Amino acid sequence: MFPPEVQQIISNYLVFGFLPLDKLLHFLVGAILAAGLRLSGRTFRTTFILIGVIAVVKEVIDSFTLNSVLEEHCLDIIVTLIYPTVMYGIHRLKVLAAHSN
């Protein structure tokens, strides 16, 4: 998707000297997609499934073009799904707190 030179930078650059840019971008894409899907009225289940499918398809495509391993692809998918998972957890806590009052 990106030229090899850009891929090299994304894969190797550390934000603040310790946070891989690749993982930060996966997290941000997951967060933006989750926020957009929820704002458009999608359920948490639909949001999670759509982001999961997008992440898996992207990693399958990457597996044919990049020199990475299965563990790296799985970690990318997990990082992409962190924000929607936390968003759902916060929602559930709010629902439980509202019912306990």
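Everything numeric here is computed off the predicted structure, so don't read it as measured data. (Residues numbered from 1 in each chain as written. Predicted model: local features only at pLDDT ≥ 70, side-chain atom pairs only at ≥ 80, totals over all residues. Heavy atoms only, no water.)

Student: How do you make sense of a nonpolar patch on the surface when you look at a structure like this?
Tutor: A contiguous nonpolar patch, built from Leu75, Ile78, Ile82, Val86 and Ile90 and spanning about 420 Å² of accessible area, is present on the exposed surface. Looking at the nonpolar patch, the elements with two or more residues in it are α4 (70–80) and α5 (82–100). With three residues, α5 is the single largest residue contributor to the nonpolar patch. Examined against the element boundaries, Ile90 turns out to sit in helix α5. By relative accessible area, which is 46% here, Ile90 ends up partly exposed. (Patch = residues over 30% accessible without salt bridge, like charges linked within 9 Å, V, L, I, M, F, W, Y side chains within 5 Å. Areas by Shrake-Rupley, 256 points an atom, 1.4 Å probe, with all protein chains shown as cover. Salt bridge = Lys/Arg side-chain N within 4 Å of Asp/Glu carboxyl O. Helix = DSSP H or I, 4+ residues; strand = E, 2+ residues; numbered from the N terminus. Buried < 20%, exposed > 50% of the residue type's maximum accessible area, 1.4 Å probe, protein only.)

Student: Any chance you could explain the packing of aromatic side chains here in plain terms?
Tutor: Here a ring pair, both rings aromatic, is described through the centre-centre distance and the interplanar angle of the planes. In the structure shown here, the tally under the stated rule is two aromatic pairs. Arranged with centres 6.1 Å apart and planes meeting at 80 degrees, the rings of Phe27 and Tyr83 form a pair that is edge-to-face. With Phe27 in helix α2 (residues 21–39) and Tyr83 in helix α5, the pair connects residues that are 56 residues apart, well separated along the chain. Residue classification places Phe27 among the partly exposed residues on the basis of a relative accessible area of 29%. (Phe/Tyr/Trp six-rings, centres within 6.5 Å; stacked < 30°, edge-to-face > 60°.)

Student: Whenever I open this one, the confidence of the model for the protein chain confuses me. Can you help?
Tutor: Atom-level detail of predicted coordinates should not be read off regions where pLDDT is low. When pLDDT is averaged across the protein chain, the result is 93; 98% of the residues are at 70 or more. Element-level mean pLDDT values for the protein chain span from 85 in helix α1 (residues 4–12) up to 97 in α2. (pLDDT = per-residue confidence, 0-100.)

Student: Looking at this model, I keep getting lost on the packing of α2 against helix α3 (residues 44–65). Mind explaining?
Tutor: Think of two packed helices as two axes; the pair is described by the angle between the axes and how far apart they sit. Look at α2 against α3: their axes get within 10 Å of each other, and the N-to-C directions meet at 145 degrees. In the crossing of α2 with α3, the sense of the turn from one axis to the other is right-handed. Across the interface between the two elements, His26, Gly30, Leu33, Ala34, Leu37 and Arg38 of α2 pack against Phe44, Thr47, Leu50, Ile51, Ile54, Lys58 and Glu59 of α3. Residue classes in the contact of α2 with α3 are distributed as seven nonpolar, three polar and three charged. (Axes fitted to C-alpha atoms, helices over the stretch in contact; angles between N-to-C directions. Left-handed = near helix turned anticlockwise from the far one by under 90°. Contact = heavy atoms within 4.5 Å. Nonpolar A, V, L, I, M, F, W, Y, C, P; charged D, E, K, R; others polar.)

Student: What should I look at first to understand the side chain of Glu59 in this one?
Tutor: Within the secondary structure layout, Glu59 lies in helix α3. Residue Glu59 is classed as buried on the basis of its relative accessible area of 3%. When residues no more than four places from it in sequence are discounted, the contact partners of Glu59 are His26, His73, Asp76 and Ile77.

Student: What is the right way to look at α4 in this model?
Tutor: Two residues of an α-helix separated by three or four positions point the same way, owing to the 3.6 residues in each turn. Of the positions making up α4, those classed as buried are His73, Asp76, Ile77, Val79 and Thr80. Down the axis of α4, the buried set is contained in an arc of 165 degrees. They therefore lie on one face. In this structure, α4 carries Leu70, Glu71 and Ile78 as exposed residues pointing more than 90 degrees from its buried face. Summarising the contacts, the buried residues of α4 are in contact with α2, α3 and α5. (Arc of directions from axis to C-beta.)

Student: Teacher, can you tell me more about unusual backbone geometry here?
Tutor: One non-glycine residue, Phe16, lies in positive phi territory at about 60 degrees. Considering the arrangement of structural elements, one finds Phe16 in the loop between β1 (14–15) and β2 (19–20).

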